[in-house]
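# Structural overview for review
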Amino acid sequence: MTDQISLQQRRIERVEMRGIVKRFPGVLANDHIDFEVRAGEIHALLGENGAGKTTLMNILYGLYRPDQGQIAINGQVVAIHSPANAIRLGIGMIHQHFMLVPTLSVVENVALGLPSSRGFLLDLDVVTERIRHLSQTYGLKVDPAAMVWQLAVGEQQRVEILKALYRGADLLILDEPTAVLTPQEVEELFTTLRRMAREGHALIFISHKLHEVLSISDRVTVLRDGRVVKTLPTAEATREDLARLMVGREVLLRVERPPVKLGDPVLRLEDLWADSDKGVPALRGVSLQVRSGEILGIAGVSGNGQRELAEVIAGLRPPTQGRIIIAGVDTTGWSPERLLKHGLAYIPEERMRDGVIRDFSVEENLILKNHTDRPYASGIFMNFGKIAEYADNLIANFDIRTPSRDTPLKNLSGGNIQKMVLARELSREPRVLIAAQPTRGVDISATEYIHRQLVAQRAKGTATLLISEDLDEILNLSDRIAVMYEGQIVGIVDQHEATVEQLGLMMAGAHRT
Amino acid sequence: MIARLFSLNTIVGIITAGIRLATPYLYATIGETLGQRSGLVNLGVDGIMLMGAYAAFFVTFKTGSLALGLLAAIVVGGLMGLVMAFFSVTLKAEQGITGIGVYLFGLGMSNLLFQKTLGTVETVSGFPAIHIPLLSDIPVLGPIFFRHNLLVYGAFALVPISWFILNKTTLGLKIRAVGDNPEAADSLGVSVTGVRYLTETVGGMLEGIAGASLSIALLNVFQENLTNGMGFIAVALVYFGGWRAVGALAGAILFSTVNALQLWLQVIGILIPPDFAIMMPYVLTIVVLAFTAQRVRAPAALSKPFERGEG
Ligand SMILES: Nc1ncnc2c1ncn2[C@@H]1O[C@H](COP(=O)(O)OP(=O)(O)OP(=O)(O)O)[C@@H](O)[C@H]1O
Ligand SMILES: [Mg+2]
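Everything numeric here is computed off the predicted structure, so don't read it as measured data.

## Let's talk about the interface of chain A and chain B
- Taken together, the contact between chain A and chain B spans 33 residues of the former and 24 residues of the latter.
- Surface buried jointly by chain A and chain B totals about 2,300 Å² across both partners, of which 66% is contributed by carbon and sulfur atoms.
- When residues of chain A are sorted by the area they lose upon contact with chain B, Leu 112, Phe 120 and Leu 122 of chain A head the list and together hold 26% of the total.
- Run the count over chain A and chain B and you get one salt bridge.

In structure tokens, the structure reads:
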């Protein structure tokens, strides 16, 4: 049980990365980066989408080889050629895009690749016990027997952390761990992280949310365009400083939302019911309407039916009861393609899974939804010239950082993949837009940009359903705010009447009186 | 006529033959299942079976040793699996095309060797039937289950063994993970390449045994294209069986029993034209496949070469 820990003769005191250079075709992702982290410290890594944070961490975890530079642990230069090396040296990583096998259970995911106490035979009962123990020690609630595909993102992340802890990681790299969490879950995660730091773990924390960085970290290193701009103690930094260091200019942290004349209701839901993946009702009679030119925010703790709501409207999940009416037409049970033609746009929550084809190029992904329409196609022939022009336009307008339109989408940084989906969906000038967590994992300047786009879309008369766990975002953008709890709308309030406290209470299940 | 068709003896005969004939399918299907669970499609099964069948027959014919014959089939099958792995894992070649290449190689090479070394159809005395004491005397069940040769018993033993390995061992966990999310397995230090080489090589060995079961246990001859497409049926049975050993068993038995029935119908020469009779098991496979295909999910990384994100 404890052999993984006792295997390591010496704990990590200090990890240094010196002069790290990493080139990809067309990009210098890391440009002579010096970075250091010590035991007991939470070191935040900040930078815009594509600044090179994930690349640097992948190098530390042995997934990428640096073109130049070296890594030293406790002053001694080490070669990290593979994740196996990294794990043996006591380095663990929670990836920006989770590395879990969905068809396996939680225990199986944890046990994967580890020697078993019974040799060739799996010792899942032993692993289960140890997971329970670790869960308790670090406050990581998870059911070891559950299948991973059934878990909500927050739970999946706890599995990822358990995987690393189970392997006795001294240094834990967390690549945007909070991007997928609710505010409450973030607090729980922070409690866990602080506990780990107190016990002598070294932690590297990546996030785009400045208040998180300010509240959790001891030191901050800011990257821009693959270079270190500055490393400073968090106590000496302010939000504005960090934003300026990251972006290189002043950033607007809140968008203007000019008044708009509301039109007719374009999206109407009547007593909508639907089951979750586990087969239990996740939507329990949702009725609401969104008018042309209106943004209706859906607030709520994740797992209260928001995902199912979005999927049902987008035609990806069959409702068990109720009706969906878009622009006066009953669209209940329509295929996604038909809905698309009817003017629905959907920005899915799990963009890496639902919204994109990773192996296709940026251009192909951008044209995916209108590749059969004029002027991009006539009959069965595609007009590649027009498509290229269209793609280049979107890449420029939405500031998608990519070496070229032909780059495979999977080579883009996380935030840029997000911008690609957004560009594709908004460019179709939809009547109804379902935006699920549109700025999750997106840096502050891109967030600012996306918010402006949503507001611009609103001015054009789009009816928007904005699903977000970020209360700031909801309050900032919505005209009205509906709170979901256990598959129902517990109340709808006007934006200027809403307060964070009141919404928080409703999110916890208190009905509005 | 009808009475003869449905007499107890006939039914026992057909089921017994069905069990016997399931043998090559079982080895080949389980071999292929192993590879597919780790994310590799091998369409060259039939070619590997032919080479295994030839090697087993030739060595047995020359040395008189069934054990050496079987060993030869295992070695040849394993080598061909290794070659398949080299192309699809190391060179990341398109797996469907590589498989067809391996098939055509096996088909041509086994025939060439047959022409050069044997020339005519010879026979060997293959693995003898082993009557299991007591059990083989039970009426009906005895002849059906307990009077077979070693390779038949081996094939059936392989079902629980492969189930156990896939589901209860650390290796099996790695295989399943590599087939469903190689990136995740890689990030935990599991060697995706190593696992895939292993499953493909062991799969090849089993496919070699599948060939040997024809040439030195069931038919005891070798001739051009002895397998006559059995390897392709085995690939279909993997899907049919939903990538599970038990499913492979059900598929193999169903297919071979219908086949035995069809042979019997031809022997007594009634009811249906022979061409149609020969089609029966294949048609059945397609029909069942069409109905079961949607319900089970293939390994997510099936036929996709693995590459770390690095360009
Ligand atoms: N495998 C790859 N092949 C080619 N280019 C890559 C690859 N991985 C990353 N890049 C490029 O390297 C740059 C840095 O990417 P990286 O993923 O490190 O950014 P990041 O700072 O983590 O951004 P984000 O906040 O969006 O996750 C980007 O321009 C990206 O397109
Ligand atoms: Mg990143």
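And the narrative resumes.
## Quick word on the side chain of Thr 33 of chain B
All names here are of chain B.
- Inspection of the secondary structure assignment puts Thr 33 in helix 2 (residues 8-37).
- Take Thr 33: its relative accessible area is 4%, and that puts it in the buried class.
- At a separation of 2.7 Å, a polar atom in the side chain of Thr 33 contacts the main-chain carbonyl oxygen of Thr 29.
- The residues touching Thr 33, leaving out its near neighbours within four places in the chain, are Val 238, Trp 243 and Arg 244.

## Looking at unusual backbone geometry
Residues and elements named next belong to chain A.
- The residue Gln 437 is not glycine, and still its phi comes out positive at about 45°.
- For Gln 437, the location among the structural elements is in the loop between strand 19 (432-436) and helix 16 (444-459).
- A positive phi angle, close to 45°, is found at Glu 486, a residue other than glycine.
- Along the polypeptide, Glu 486 turns up in the loop between strand 21 (480-485) and strand 22 (488-494).

## Details of the side chain of Ser 162 of chain B
Residues and elements named next belong to chain B.
- Position of Ser 162 among the secondary structure elements: in helix 7 (residues 150-168).
- A relative accessible area of 8% means that Ser 162 is categorised as buried.
- Discounting residues that sit within four places of it in the chain, Ser 162 has contacts with Ile 30 and Ala 245.

## Concerning the nonpolar core
- One finds Leu 193 and Leu 242 of chain A to be the most contacted residues of the largest nonpolar core, which totals 70 residues.
- The greatest single-element share of this core, amounting to seven residues, is contributed by helix 6 (residues 153-166) of chain A.
- Here Leu 242 of chain A is in contact with Leu 46, Leu 210, Val 213, Leu 214, Val 220, Val 222, Leu 232 and Ala 237 of chain A, once residues within four sequence places are set aside.
- Counting 49 residues, the second largest nonpolar core, distinct from the first, contains Ala 53, Tyr 54, Ile 216 and Phe 240 of chain B.

## Some thoughts on the sheet that holds strand 19 of chain A
Residues and elements named next belong to chain A.
- Taken in spatial order, the six strands make up an open sheet running 16-19-20-13-21-22, and their pairing is mixed. Strand pairing shows two members of the sheet lacking a second neighbour, strand 16 (344-347) and strand 22, which therefore form its edges. Going from strand to strand, the sheet's axes swing by 15° on average, the running direction of each strand aside.
- Lying on the sheet, helix 10 (residues 306-313) is in contact with strand 13 (295-299), strand 16, strand 19, strand 20 (463-467) and strand 21; it crosses strand 20 at an angle near 150°.
- Contacts between helix 15 (residues 414-426) and the sheet are confined to strand 16 and strand 19, with strand 16 contributing the most and set at about 175° to the helix.

Quick notes on the rules
- Residues numbered from 1 in each chain as written.
- Chains lettered and ligands numbered in written order.
- Predicted model: local features only at pLDDT ≥ 70, side-chain atom pairs only at ≥ 80, totals over all residues.
- Heavy atoms only, no water.
- Contact = heavy atoms within 4.5 Å.
- Buried area = accessible area lost by both parts, 1.4 Å probe.
- Salt bridge = Lys/Arg side-chain N within 4 Å of Asp/Glu carboxyl O.
- Helix = DSSP H or I, 4+ residues; strand = E, 2+ residues; numbered from the N terminus.
- Buried < 20%, exposed > 50% of the residue type's maximum accessible area, 1.4 Å probe, protein only.
- Polar contact = N/O pair within 3.5 Å; in protein donor to acceptor, adjacent residues only side chain to side chain.
- Core = buried A, V, L, I, M, F, W, Y, C linked by side-chain atoms within 4.5 Å.
- Pairing = 2+ DSSP bridges.
- Axes fitted to C-alpha atoms, helices over the stretch in contact; angles between N-to-C directions.

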